[in-house]
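# Residue-level structural notes
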Amino acid sequence: MCGIVGIVAKTPVNQLLYDGLLVLQHRGQDAAGIVTAEGLTLHMHKGQGLVSDVFRTRNMRSLMGNAGIGHVRYPTAGSASSLAESQPFYVNSPFGIVLAHNGNLTNDKQLKEDMYRTDLRHINTNSDSEALLNVFAHELSRRVKGPQLNAETIFDAIAAVHDRVKGAYAVVAMIAGFGLVAFRDPYGIRPLCLGTHETPEGLEYIVASESVAHDVLGFKFERDIAPGEAVFVTFDGEFYSKQCHANPVLVPCIFEHVYFARPDSVIDGISVHEARLNMGENLADKVTAVIPRLDIDVVIPIPDTSRDSALQLANKLGLPYREGFMKNRYIGRTFIMPGQASRKKSVRQKLNPIAVEFRGKNVLLVDDSIVRGTTSRQIVQMVRDCGATKVYLASAAPPVMYPHVYGIDMPTRAELIATGRTDQQIADEIGVDAIIYQELDALIDACSKASGGAITSFETSCFDGKYITGDITLAYLDELEAKRLSPLSAKASDAAESHLLDMNIGVGEQNLL
Ligand code: AMP
């Protein structure tokens, strides 16, 4: 999962992009990058780590120009973490293009082969995003004649990208000398929304993964970019948009609502907060069916994501809701730590129970999802150590049983605790008296209700194994998992921490530091 932002403004955008990436930081803590456009020159700075670590004052000063794009990176399935794969990516022809991508392509192997054999383009990394940039660049170069470029040509090239590329992609890009381009895959799997800001000099535009970026940067949310749609904003602020796919259909990723997105965001008309409240409401019914109600003394969320659901669940059941864990907010998400050993250690460092809330009580813990079960197992042990009488665990999402191939990092099937186990076996593994999972229909209902019934189908493959793009085979999953487990990718993900990359790309000027 990654976060992307693009802005065309009337004044320098470096600070806006930085602030935009900060507010999207929850979408990726692995690497960050910004490219700005100043005349024909593109200024780039990117590096591994958090936004606040990657950008120093001197880097910000070099990011001049009134338009730019930014990216925060989270390594997705099968990819290793390295500076070479941090984004945005750059290609020098046609015109000079930079691109930042959220999502994961499912036919990148084929694309890379076609690039090599037919398009005669070199892809220098394992990144699917570099392949995506080159497909776009290639399709654009086939259509341009001379140094002129118009919106129609760009939209034609994006229609060709839709034909060639499979998987999930929300994209922001810039074409040197022309403007900002943004587009979303024909299923709208990953989110992307458009906002404006009025100034005396005219409208400024923002495109971002989540609406919270618009709020925080003072832009007005206009709308979501439709599946298959592309927008083009010239550096002078002329706006164009077009549907570039013949059969777009909105099937957004449900995991954004389960875990990933910020609750203060609205995605495709769904308030993430409201979706999570509804999840709690629906989960309450399942809890009543599994556990005799009087057997629960207190409902306690495993912070942070599950708070909304846990509160609503407690309200519906008329049970007390208590905060029972103190979180060290200065530690990053444990999920991104390389290797299981450091992961185990950091769960303990991150969450400390408040013993008095657990001692002598029957406790219902609520989590947003259970993936490997590693976190839950340790938390349950801590709660038992505090003297809880009974410990139940409810998950606002159904059992995660299949890899996620559209941009959310999920472990292999063998590592997923729910794969091949019954609820009772999972409860035994985690050490709880009972486990209560949300039903998939109830999860879909929770999100659909928050859309006012406008959206009824979601991308739910990690729960039901049904992959919307229709190209995911067992062989594909095997290959993906093998890549994930290869020592090479582990080595790369353990690679040095403080790599930074600076580039000035432009006419007569290019230097790599
Ligand atoms: P575990 O079951 O130990 O793998 O951890 C599951 C917890 O990690 C959930 O409660 C979520 O809060 C969080 N989580 C779920 N999916 C992801 C993901 N793809 N990336 C990072 N954290 C996640």
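Residues numbered from 1 in each chain as written. Predicted model: local features only at pLDDT ≥ 70, side-chain atom pairs only at ≥ 80, totals over all residues. Heavy atoms only, no water.

## Focus on the overall build of the chain
Using the following cut-off: A helix here means a DSSP run of H or I that spans at least four residues, while a strand means a run of E at least two residues long, and both kinds are numbered starting from the N terminus. Radius of gyration here uses only the C-alpha atoms, and the compact-globule reference equals 2.2 Å multiplied by the residue count raised to the power 0.38. Each residue is placed in one exposure class: buried if its accessible area under a 1.4 Å probe, protein chains only, is under 20% of its type's maximum, exposed if it is over 50%, and partly exposed if it falls in between. Contacts are assigned to residue pairs with any non-hydrogen atoms lying within 4.5 Å of each other. Method for areas: the Shrake-Rupley scheme with a 1.4 Å probe, in which residue coverage is limited to the protein chains shown.
Of the regular secondary structure elements, the chain holds 17 helices and 23 strands. The C-alpha atoms of the chain give 23 Å as radius of gyration, which agrees with the globular expectation for 513 residues (24 Å, within 12%). C-alpha extents for the chain along the principal axes are approximately 75 × 50 × 45 Å. The buried share of the chain, reckoned over its 513 residues, is 60%. Expressed as a percentage of contacts within the chain between residues at least 6 apart in sequence, the contacts between residues at least 24 apart total 70%. Accessible surface computed for the chain: about 19,800 Å², of which carbon and sulfur atoms make up 52%.

## What to know about the nonpolar core
Here is the rule we go by: Put simply, a nonpolar core is a bunch of buried Ala, Val, Leu, Ile, Met, Phe, Trp, Tyr and Cys residues held in one set by side-chain atoms that sit within 4.5 Å of each other.
Core analysis: the biggest nonpolar cluster contains 54 residues, and F255, V287, L313, L364 and F463 have the highest contact counts within it. Ranked by residue count, the leading element in this core is helix α14 (residues 440-450), at 6 residues. Among all residues touching L313, those that are not within four sequence positions of it are G280, L283, A284, V287, V299, L364 and V366. Judged by nonpolar contacts, the second largest core, of 33 residues, contains V91, L132, V135 and Y169.

## A look at the sheet that holds strand β13 (residues 239-243)
What counts here: Being paired, for any two strands, means DSSP has found at least two bridges between them. Angles here are taken between N-to-C directions and fall from 0 to 180 degrees, while the axes themselves are lines fitted to C-alpha atoms, restricted in helices to the stretch in contact.
As summarised here, the arrangement of the 6 strands in space is β5-β6-β7-β8-β12-β13, forming an open sheet in which the pairing is antiparallel. Pairing within the sheet leaves two strands with one partner each, and these edge strands are β5 (89-91) and β13. Strand-to-strand twist in this sheet, taken as the mean axis angle between neighbours without regard to direction, amounts to 15°. For strand β7 (residues 170-175) and strand β8 (residues 179-184), the ladder comprises 6 bridges, and the chain directions are antiparallel. Bridging across to β8, V171 finds its partner in F183. The strands that helix α5 (residues 128-143) touches are β5, β6 (97-102), β7 and β8; relative to β6, the one it contacts most, it runs at about 135°.

## Comments concerning the environment of P403
In this structure, P403 sits in the loop between β20 (390-395) and α13 (423-430). Residue classification places P403 among the buried positions, given a relative accessible area of 3%. Distance from P403 to R413, taken between C-alpha atoms, is 6.4 Å for residues 10 residues apart in sequence.

## Considerations on the pairing of β13
By the bridge criterion, 5 bridges tie strand β12 (residues 229-234) to β13 in an arrangement that is antiparallel. Paired with A230 across the bridge in β13 is K242. Joining the antiparallel neighbours β12 and β13 is a turn of 4 residues, in which G237 adopts a positive phi near 95°.

## Quick notes on the UniProt feature "active site" (unreviewed entry) in the chain
Rules: UniProt positions are given in the numbering used here, feature names are shortened, and annotations may be inferred rather than shown by experiment.
Summarizing the sequence annotation, UniProt attributes the feature "active site" (unreviewed entry) to C2 in the numbering used throughout. Tracing the chain through its elements places C2 in the segment before β1 (3-8). Classification of C2 as buried rests on a relative accessible area of 4%.

## A short note on a nonpolar patch on the surface
Note the cut-off: A patch consists of residues whose relative accessible area exceeds 30% and which take part in no salt bridge; residues with like charges are grouped when within 9 Å of each other, and nonpolar side chains (Val, Leu, Ile, Met, Phe, Trp, Tyr) when within 5 Å. Definition used for salt bridges: Asp or Glu carboxyl oxygen within 4 Å of a side-chain nitrogen of Lys or Arg.
Nonpolar side chains collect at one region of the surface, where M326, I354 and V356 lie side by side and expose about 280 Å² of accessible area between them. You can see I354 is positioned in the loop between β18 (351-353) and β19 (362-367). The class of I354 is partly exposed, set by a relative accessible area of 34%.

## Structural notes on the side chain of R184
Heads up, the condition is: Polar contact is defined as a pair of N or O atoms within 3.5 Å, subject to the rule that within protein one atom must be able to donate a hydrogen and the other to accept it, and that residues adjacent in sequence are counted only when both atoms are side-chain atoms.
Locating R184 in the fold gives a position in strand β8. Residue classification places R184 among the buried residues on the basis of a relative accessible area of 1%. Only 2.8 Å separates the side chain of R184 from the backbone oxygen of R190, close enough to count as a polar contact.

## Side note on helix α4 (residues 108-119)
Basically, it comes down to this: Multiply 1.5 Å by the residue count of a helix minus one, and that product is the helix's expected span.
Here α4 contains 12 residues, and its C-alpha end-to-end distance of 14 Å is more than 12% below the 16 Å for a straight helix at 1.5 Å per residue. On the buried face of α4, the contacting elements are α5 and α6 (151-164). Of the residues flanking the end of α4, it is L120, one or two places downstream, whose phi is positive at about 55°.

## Focus: the sheet that holds β19
Taken together, the 4 strands give an open sheet; going across it, the order is β16-β19-β20-β21, and neighbouring strands pair in parallel fashion. Looking at the sheet topology across the chains shown, the edges are occupied by β16 (298-301) and β21 (434-437). On average, each strand axis in the sheet is inclined to that of its neighbour by 25°, with strand direction left out of account. Bridge count for β16 against β19 is 4 bridges, and the pairing is parallel. Each bridged residue has a counterpart across the sheet, and for V299 the counterpart in β19 is L364. Sheet strands in contact with helix α9 (residues 272-290) are β19, β20 and β21, and its direction is about 145° off that of β21. Together, β20 and β21 form the strand contacts of α13, whose direction differs from that of β21 by roughly 125°.

## Here's the deal with the environment of A100
As for its placement among the helices and strands, A100 is situated in strand β6. Excluding residues within four positions of it along the chain, A100 makes contact with I4, I69, G70, H71, Q87, P88, A170, V171 and V172.

## Describing unusual backbone geometry
In this structure, the amide linkage connecting Q87 to the following residue, P88, adopts the cis form with an omega of 5°. Along the chain, P88 turns up in the loop between β4 (67-73) and β5. That bond from P303 to D304 is cis: its omega, 0°, falls within 30 degrees of zero. With respect to the secondary-structure elements, D304 resides in the loop between β16 and α10 (307-317). The phi dihedral of F95 is positive, around 70°, even though this residue is not glycine.

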